Each structure stands twice: as structure tokens, then as C-alpha cells.
Amino acid sequence: MASHVRRVNLAHMYANMEPEPDDAELPTNTQFPQLNTREYNLRMNNPAESTAFQEFHECLDINEAGHVVVAINDYRSRFWVGHFWAYKDLQDFLEREKMPPNMQKPITRAPINVIKLFDDHLVFLGRATGTVEVWSLSSSMQECLVDYRNEHVGSVQEIDFFSKTQAVSVDNEACIKIWDVNYMQARTSNTFRYAHGNAITGVSVRPGSEDTFATVARDKSALLWDLRIMGKPASGLLQNHSEALMAISWILEEEGSFVVKLGDAAGSVLTVDTRKPNEIVQEISAFQQSVKRIRRTKGKYAVCGHTNAFKVFQNNDQLLYEDSSSLDFVRDVAFHGNKVVSLSWDGKIVDKDV
């Protein structure tokens with residue numbers, strides 16, 4: 001039987017092989033495609049190194065003093081990156097085009113999912129990698145990293161605050177973390193693993209409370225949490241809903257805060273009274289797509305979803321205002337006084353009196 005095994009002459013194979021090009025020749029060289037990644041990382045316009053104001057506005061927050069923080073991600077490049085900007089007031093934010101284009105900002109190769117102003121000079125943010133970061137702001141709104149913790153296994157989905165010293169964060173691996181936060185560090189004081197049967201999509205602290213909050217998840221349930229109860233701090237708020245629950249916000253009312261608004265994957269907003277769990281008081285259809293976020297202020301709330309519109313309702317679900325002028329998804333909304341502000345992936349900012 002004839003043998004088909006032949007010895008490979010390596011010396012002959014590589015005799016005519018070109019030497020590896022240097023960095024200056026690599027962009028126009030087609031013989032070494034495996035080196036394209038290195039060449040890409042060496043470019044000066046790599047978005048992980050050049051921090052221009054990106055188009056994909058993801059989330060924002062406005063505190064009572066009027067300070068504004070906005071997180072912006074880049075989803076078009078090989079590496080998804082995110083950074084944030086801080087402004088002294090809403091007017092500076094709305095006139096952001098006056099900002100010098102070469103201004104450097106903090107940036108990492110991880111998109112920002114949620115950002116919150118802890119007080120006038122402390123920013124709390126969560127990233128898609130599960131990292132929670134604390135930044136301090138100077139009087140000129142320049143950022144300085146205080147602390148970061150890689151304690152969430154999954155992507156951080158939402159953050160809310162109990163007071164000026166405690167926060168709660170949730171992730172898509174059904175984990176809840178309670179944080180003690182100050183100007184020196186962020187430290188976990190409590191962790192609830194497998195708090196839901198699927199990814200937790202939202203959390204909202206009861207206004208004025210130091211120990212009560214509610215969560216929603218893709219397992220079609222909402223839970224009410226009381227940290228004063230040892231052992232089993234959670235109780236059912238809404239079970240076995242027909243759709244995954246995607247957003248939650250406690251409502252501000254004159255007679256007390258007992259009502260929460262829930263947004264589901266079908267675009268509906270549900271009203272649930274915490275004194276009557278597992279009972280939907282009212283349900284309205286806000287969008288034909290999933291609800292993304294619900295934000296509140298006194299007497300009204302705003303809703304945005306996976307659509308180019310956002311809506312503002314009174315607490316009784318009467319529509320006050322609707323805007324669909326954006327060309328891409330509206331990602332977040334916030335209130336400041338009588339104004340509602342929205343941002344979207346096309347970079348459009350909408351501010352209206354409502």
C-alpha cells in the first residue's frame with residue numbers, strides 16, 4: 001500500500017515569508033490580518049482612548065440643587081465604552097455643544113447602565129460588567145474616582161438611595177446589594193442572592209424610608225423588601241403577571257407613599273397598592289414595546305420604553321404630555337421642578353414644562 005504521508009519542509013514553506021511590518025506599514029499591509037487588532041488599538045481615534053462626546057445617551061440624573069450627570073456610551077466601535085459628564089445646572093447641560101471638543105473625561109471599556117447623584121458632589125454609577133463606582137465632583141464639576149467595587153456578577157440594572165449614606169443596587173443575575181456610601185468608599189452591608197427567579201430589572205426605595213424598597217424582575221413578579229425583618233425580608237407584591245416586569249417607581253402622594261407603578265414588557269403601566277398586594281388597581285397601555293424606565297416627581301411620573309417616545313402622566317394615569325420627536329430610542333427621563341428632560345440614542349435632548 002502506498003503511503004500518503006509526506007514530510008513538510010518547513011524551511012521551504014517559510015523561505016519566502018515576508019517579515020512582520022512595523023507599526024507605520026501595518027495599516028496598508030494585507031499579509032498579516034491577524035495583527036489588525038493591534039493596529040486598531042494603536043490608532044489615535046480609538047474610542048477607548050479618545051473621549052469625544054458620543055452619540056448614545058444612556059441615562060441621566062438631576063438632583064434638587066439642579067446638578068446634572070449624564071452617561072454616554074459608544075456601541076459602534078469594536079470595544080463598547082462608557083463615560084459620564086457632570087454639569088452645574090440644567091442650562092449648562094442643554095448648552096453642551098459649547099463644551100470644548102478635546103476635553104478629556106473618565107472612560108472605561110464597559111458601558112454605563114445607570115447613574116445617580118448621591119448628593120451634590122457624589123456620583124454613584126453601575127456598569128454592564130457588574131462594577132459599581134463612586135465618583136466625587138469638585139466645585140467646577142470635575143470628576144475624581146473615589147471607589148469601585150466588582151461585587152456584582154451580572155450587569156448592574158438599577159440603583160436607588162435610602163438616604164445620604166445608603167444605596168441599593170440590582171443586577172441581571174438576580175442579586176441585590178445594600179451599600180454604605182461615603183466620600184471615602186462604598187462598602188456592602190448586605191447581599192441577597194437569587195432574590196428573584198430571573199434577572200432583576202428595577203428597584204425603587206419608598207420615599208423617606210430607611211429600610212423599605214421594592215424590586216421587579218423578568219420572572220413576572222414584584223417583591224416588597226423590609227430590611228427590619230430578619231431571615232425573610234421579602235414579601236410578594238405582585239405574582240404571576242402575564243409579562244416580564246421591567247421597571248418600577250414609588251409614587252409621591254400627599255397622604256403617604258403606598259402606591260407603586262410597574263412597567264412590563266408589553267408596554268403597560270400597572271398601579272399596585274402595597275397595602276393590597278397581588279391586586280392591580282389600574283392598568284394602562286403606554287407603548288406597544290417594553291417599558292424601559294419610570295421616573296417620578298410630586299403628583300406625576302414619566303415613562304419611556306424601547307421606542308422613540310416618552311410620556312408624562314398624573315398619578316391617576318391621566319396623560320399630561322407626550323413627545324416622539326427623537327429618531328431613536330428614548331433611554332431615560334428626569335424631572336427638575338416643572339421641567340421634564342429626556343435623552344435618546346440619537347443624542348437629542350428634550351426639555352419641556354409639564
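See the structure shown above.
How each quantity is defined
Along each chain, residue indices are assigned from 1 in the same order as the chain's sequence is written. Selection of residues for local features in this predicted model requires a pLDDT of at least 70, selection of side-chain atom pairs for listing and counting requires 80 or more, and totals for whole chains, interfaces and linings are taken over all residues. With hydrogens and water set aside, each side-chain value is computed from the structure's full complement of heavy atoms. The helix count covers DSSP runs of H or I at least four residues long, the strand count covers runs of E at least two residues long, and both are numbered beginning at the N terminus. Should any heavy atoms of two residues lie within 4.5 Å, those residues are considered in contact. Here the accessible surface of atoms and residues is derived via Shrake-Rupley with a 1.4 Å probe, and residues count as covered only by protein chains that are part of the display. Between any two strands, pairing holds if DSSP finds at least two bridges. Helix axes use the C-alpha atoms of the stretch in contact, all axes being lines fitted to C-alpha atoms, and the angles between their N-to-C directions lie in the range 0 to 180 degrees. Salt bridges, as used here, are contacts in which a Lys or Arg side-chain nitrogen is within 4 Å of a carboxyl oxygen on Asp or Glu. For every residue, the accessible area (1.4 Å probe, protein chains only) is compared with the maximum for its type, and the residue is labelled buried under 20%, exposed over 50%, or partly exposed between those bounds. Between N or O atoms, a polar contact is any pair within 3.5 Å; within protein, one atom must be a potential hydrogen donor and the other a potential acceptor, and residues adjacent in sequence are included only when both atoms are from side chains. What is meant by a nonpolar core is a set of buried Ala, Val, Leu, Ile, Met, Phe, Trp, Tyr and Cys residues, joined one to another through side-chain atoms within 4.5 Å.

## As for the overall build of the chain
For the chain, the count of helices and strands is three helices and 26 strands. In the chain, the share of contacts with a sequence separation of at least 24, taken over all contacts with a separation of at least 6, comes to 43%. Within the structure as shown, the chain displays about 17300 Å² of accessible surface, and the carbon and sulfur contribution to it stands at 48%.

## Quick look at the pairing of strand β11 (residues 186-192)
Inspection of the sheet shows strand β10 (residues 176-181) paired to β11 by six bridges, in the antiparallel sense. What sits directly across from W179, in β11, is T188. Hairpin geometry of β10 and β11 is characterised by an intervening segment of four residues between the two adjacent antiparallel strands.

## Some thoughts on the sheet that holds strand β1 (residues 56-62)
The strand order β1-β2-β3 describes an open sheet built from three strands, whose pairing is antiparallel. With one partner strand each, in any of the chains shown, β1 and β3 (81-87) form the two edges of the open sheet. Each neighbouring strand pair of the sheet contributes to a mean axis angle of 20°, computed without reference to strand direction. Of the pairings in the sheet, the one linking β1 to strand β2 (residues 68-74) comprises six bridges and is antiparallel in character. The residue bridging H57 from the neighbouring strand is I72, located in β2.

## Some remarks on the pattern of salt bridges
On inspection of all chains with the given rule, the structure shows 13 salt bridges. Between E151 and K177 there is a salt bridge, with the nearest N and O atoms lying 3.7 Å from each other. Separated by 26 residues along the polypeptide, E151 in the loop between β7 (143-149) and β8 (156-161) and K177 in strand β10 bring together distant segments of the chain. Note on E151: relative accessible area 27%, which makes it partly exposed.

## Observations regarding the side chain of N113
Summarising the element assignment, N113 is placed in strand β4 (residues 112-119). At 2.6 Å, the side chain of N113 and the side chain of S155 are in polar contact. If we ignore the near neighbours within four places in the chain, the residues touching N113 are E58, C59, G126, R127, A128, S155, V156, Q157 and R293.

## Comments concerning the nonpolar core
One recurring pattern in soluble globular proteins: nonpolar side chains tend to sit buried together. Counting 15 residues, the largest nonpolar core has V168, I176, I178, I200, F213 and W225 as its most contacted members. At the level of secondary structure, the elements contributing two or more residues to this core comprise β9 (166-171), β10, β12 (200-205), β13 (212-217) and β14 (222-226). With three residues, β12 is the single largest residue contributor to this core. Setting aside chain neighbours within four positions, we find I178 in contact with F162, Q166, A167, V168, R187, T188, S189, N190, F192, F213 and L227.

## Some points on the sheet that holds β13
Sheet architecture is open: four strands sit in the order β12-β13-β14-β15, paired in antiparallel fashion. Every other strand in the sheet has two partners, leaving β12 and β15 (234-238) as the edge strands with one partner each. Recorded for the sheet is a direction-independent mean angle of 25° between the axes of neighbouring strands. Relative to β14, β13 runs antiparallel, the two being bridged by five bridges. Following the sheet pairing, T212 is matched in β14 by D226.

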